[in-house]
Amino acid sequence: MTKEQVQEWITEPARQTPVRYEYDVVVAGGGTAGVCAAIASARLGAETILVERYAFCGGNATLYLPLLGFLDQQGNEVIKGIGKEIVDRVIELGGCVGHGRDPLHVSYAPIDPEIYKRVVIEMLEEAGVHVLLHSLVVGARTDGGRVTHLLIENKSGRSAVAGKWFIDATGDGDLAVFAGAPWEKGNAHGKMQPATLMFRMGGVDLKETRLAIAAQPERYGSDLMPPEHFVKNSSFIVVGMRQALEDAKREGRFSLHNNRVIFITQPREGEVAVNMTRVLMDATDADDLSRAEMQSRKDVWEVERFLREYIPGFQNAYVIDTAHRLGIRETRRIMGEYVLTADDIMQSRRFEDCIAVASYPIDLHDPSGPDCTLQHPQDTYDIPYRCLIVREMKNLLVVGRCISATHEALAAVRVMPTGMALGHAGGAAAAIAEKRGLGDVREVDVAELRNTLLAQGARL
Ligand SMILES: Cc1cc2nc3c(=O)[nH]c(=O)nc-3n(C[C@H](O)[C@H](O)[C@H](O)COP(=O)(O)OP(=O)(O)OC[C@H]3O[C@@H](n4cnc5c(N)ncnc54)[C@H](O)[C@@H]3O)c2cc1C
């Protein structure tokens, strides 16, 4: 029986928790941003541990998603440094065909999840990071505005990780929240962007699909994309095919609250990743998350049937696999010394303490309706170091999806390439704080941080 409102509490006996690890820099979450943070920190000489709850590192970059906005509006790489090193290695190993340009997403690069997992493990090992898998961060011990320990639980039981500098790369801001940092969630009505369970399909005759898009763009066309794009390119993203979906809805063959077909070709011939289930919920609520995950795992099969029946080339397609978990677009945003806004992005604002540059538009999947709106800035925009510095905390930085931004600005900076650059910057800042013997991440000399990032190949 689930209790709607908790009215009964138990008191657990006080216990001694062993401090099993002690590191200069402790990174919570080994996803898109956390991996880059840990590599950057370790390369700069800080003893670094990365704590990840799953059996592998890579986070959302293993959900069959394409890297969006890796290039800028002119087609030059906007993400360089460690993020670029990872992607270049994935390309070398055949896990990515490279970056395509696309007016909707600026640029796209589908990546093979297994090759990504392999590359990040190799690079973490080469950098000398201690990677602790299968370990869930469940709490933090603090003292006078400093995090002193992470509390983790795993097969060895409960233990503590002592550290001098902490980086929250959990996407949900778990560590910052456990430490008592201020945070916000959702839009003005508290609503968050929907989540999607990604899945892959094989056996797609993509030549037939491409010819159908070119021949009948009013039915199968993709938003903002000229039909010729699909004649020339075998690697592409489809966001549209609205007429086909409308027909299926009218004929009672598609009931999900979604009015666009979205799929992405994969590095291997005849395979696509489908981004079409859609569920509203709060992913920091375990019951809500379970309900949404169960629902989405059923919805995959309705999407599969729709694609087979209504989209040319999918007649013989089949589900290869579903992602290891529901993809979460939005949860908590940790409040930092600066809160990035939509205006900063749309005005391509420059900041003196810029530590990452991004090109991706504000891509807001509507929490109330079935659609999605994109607002494109004319140029790249800066992300200041202050968005990583958590208010009221001296030794804690946030990187990736949980940085300090408004609901709208998050919809732009949440993409994976930007997360890589943010992770790189956060890891370098923590290592500099350690090297210089500082007492607060605010004391990091921004000029030194920027020079360090530039020396490690980043674009600022
Ligand atoms: C459906 C969907 C489609 C998207 N499409 C695209 C796209 O096409 N292109 C693109 O570039 N971006 C896309 N994004 C956005 C992008 O994938 C994410 O916003 C980005 O990867 C977030 O990076 P991150 O490092 O902050 O989080 P993640 O990559 O999610 O990493 C967080 C890591 O922390 C771990 N973790 C979390 N909590 C704990 C804990 N308590 N203890 C230990 N470990 C923990 C997780 O297991 C994970 O490994 C999409 C997102 C979704 C959900």
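Keep in mind it's a predicted model, so treat the numbers as computed, not measured.

Asks: Which residues make up the sheet that holds strand 12 (residues 237–240), and what are the values?
Replies: Here we have five strands laid out as an open sheet, ordered 12-13-14-11-15, and antiparallel in their pairing. Edge strands, defined here as strands with exactly one partner in the open sheet, are strand 12 and strand 15 (318–322). Across the sheet, the mean angle from the axis of one strand to that of its neighbour is 25°, orientation sign disregarded. With three bridges joining them, strand 11 (residues 199–202) and strand 14 (residues 272–274) adopt antiparallel strand pairing. Following the sheet pairing, Arg200 is matched in strand 14 by Ala273.

Asks: Account for the domain arrangement of the protein, naming residues and giving values.
Replies: Domain boundaries assigned for the protein yield domain 1 (19–191 + 332–455) and domain 2 (199–322). Residue-level contacts link 30 residues of domain 1 with 28 residues of domain 2. Taking both sides of the interface into account, the surface hidden between domain 1 and domain 2 amounts to around 2300 Å²; carbon and sulfur atoms contribute 57%. The tally of links from domain 1 across to domain 2 stands at four salt bridges. Of the charged contacts in the structure, one is a salt bridge between Arg242 and Asp371, with a shortest N-O distance of 3.3 Å. Here domain 1 and domain 2 share nine residue pairs in polar contact (both at pLDDT 80 or more) between them. For the side of domain 1 that touches domain 2, the residue count by class is 15 nonpolar, seven polar and eight charged.

Asks: Go over the packing of aromatic side chains, please, and point to the residues and values.
Replies: Evaluated as defined, the whole model comprises six aromatic pairs. Seen in terms of ring centroids, Tyr54 and Phe56 are 6.0 Å apart; in terms of plane orientation they differ by 20°. Their pairing is stacked. The buried category is assigned to Phe56, whose relative accessible area is 15%. Considering the side-chain rings of Phe306 and Tyr310, the 5.5 Å spacing of their centres and the 20° angle between planes classify their relative orientation as stacked. Pair noted here: Phe306 and Tyr310 are both in helix 9 (residues 286–310), with a separation of four residues, about one helical turn. Here Phe306 and Tyr310 have matching classes, each one buried. Joined through ring pairs, the aromatic side chains of Phe254, Phe306 and Tyr310 make up one cluster. Between Lys117 and the ring centre of Phe56, over which it is positioned, the NZ or CZ distance is 4.4 Å.

Asks: Talk me through helix 12 (residues 416–435); I want residue IDs and the actual numbers.
Replies: Taking 1.5 Å per residue as the helical rise, helix 12 with its 20 residues ought to reach 28 Å, and the 28 Å between its terminal C-alpha atoms agrees with that figure. With 19 of 20 residues buried, helix 12 lies mostly within the body of the structure.

Asks: Hey, could you go over the packing of helix 12 against helix 13 (residues 446–455) for me, with residue numbers and the actual values?
Replies: Closest axis-to-axis distance for the helix 12/helix 13 pair is 10 Å, and the angle between their directions is 125°. Between helix 12 and helix 13, the angle is such that the two are oblique. As helix 12 packs across helix 13, the resulting crossing turns out to be right-handed. Taking contact as the criterion, the partners of His424, Ala425, Ala428, Ala429 and Ile432 in helix 12 are, on helix 13, Glu448, Leu449, Thr452 and Leu453.

Asks: Account for the layout of surface pockets, with residues named and values stated.
Replies: Regions of empty space are outlined by a rolling probe, equal in size to a water molecule, passed over the atoms. By volume, the second largest pocket amounts to about 160 Å³. Taken together, Val97, Leu206, Lys207, Arg210, Ser234, Ser235, Thr265, Gln266, Pro267, Arg268, Glu269 and Gly270 form the lining of the second largest pocket. In terms of residues, the lining of the second largest pocket owes the most to one element, helix 5 (residues 206–215), which gives three residues. Taken together, the residues of the lining of the second largest pocket sort by class into three nonpolar, five polar and four charged.

Asks: Break down the sheet that holds strand 5 (residues 106–110) for me, with residues and values.
Replies: Sheets are built from strands paired through backbone hydrogen bonds, the pairs being either parallel or antiparallel. Pairing in this open sheet of three strands is antiparallel, and the strands run 3-5-4 from one edge to the other. Single-partner strands in this sheet number two, and they are strand 3 (66–68) and strand 4 (100–102). Taking the axes of each pair of neighbouring strands and ignoring which way they run, one obtains an average angle of 30° across the sheet. Sheet analysis places strand 4 next to strand 5, joined by three bridges and oriented antiparallel.

Each value, and the rule that gives it
Residues numbered from 1 in each chain as written. Predicted model: local features only at pLDDT ≥ 70, side-chain atom pairs only at ≥ 80, totals over all residues. Heavy atoms only, no water. Pairing = 2+ DSSP bridges. Helix = DSSP H or I, 4+ residues; strand = E, 2+ residues; numbered from the N terminus. Axes fitted to C-alpha atoms, helices over the stretch in contact; angles between N-to-C directions. Domains from an automatic or database assignment. Contact = heavy atoms within 4.5 Å. Buried area = accessible area lost by both parts, 1.4 Å probe. Salt bridge = Lys/Arg side-chain N within 4 Å of Asp/Glu carboxyl O. Polar contact = N/O pair within 3.5 Å; in protein donor to acceptor, adjacent residues only side chain to side chain. Nonpolar A, V, L, I, M, F, W, Y, C, P; charged D, E, K, R; others polar. Phe/Tyr/Trp six-rings, centres within 6.5 Å; stacked < 30°, edge-to-face > 60°. Buried < 20%, exposed > 50% of the residue type's maximum accessible area, 1.4 Å probe, protein only. Lys NZ or Arg CZ within 6 Å of the ring centre and 35° of its normal. Expected span 1.5 Å × (residues − 1). Parallel < 35°, antiparallel > 145°, perpendicular 65-115°, else oblique. Left-handed = near helix turned anticlockwise from the far one by under 90°. 1 Å grid on protein atoms, 1.4 Å probe; cavity = no way out; pocket = protein on both sides within 12 Å on 5 of 7 lines; lining within 4 Å. Points joined across faces, edges and corners; volume = space filled by probe spheres on them.

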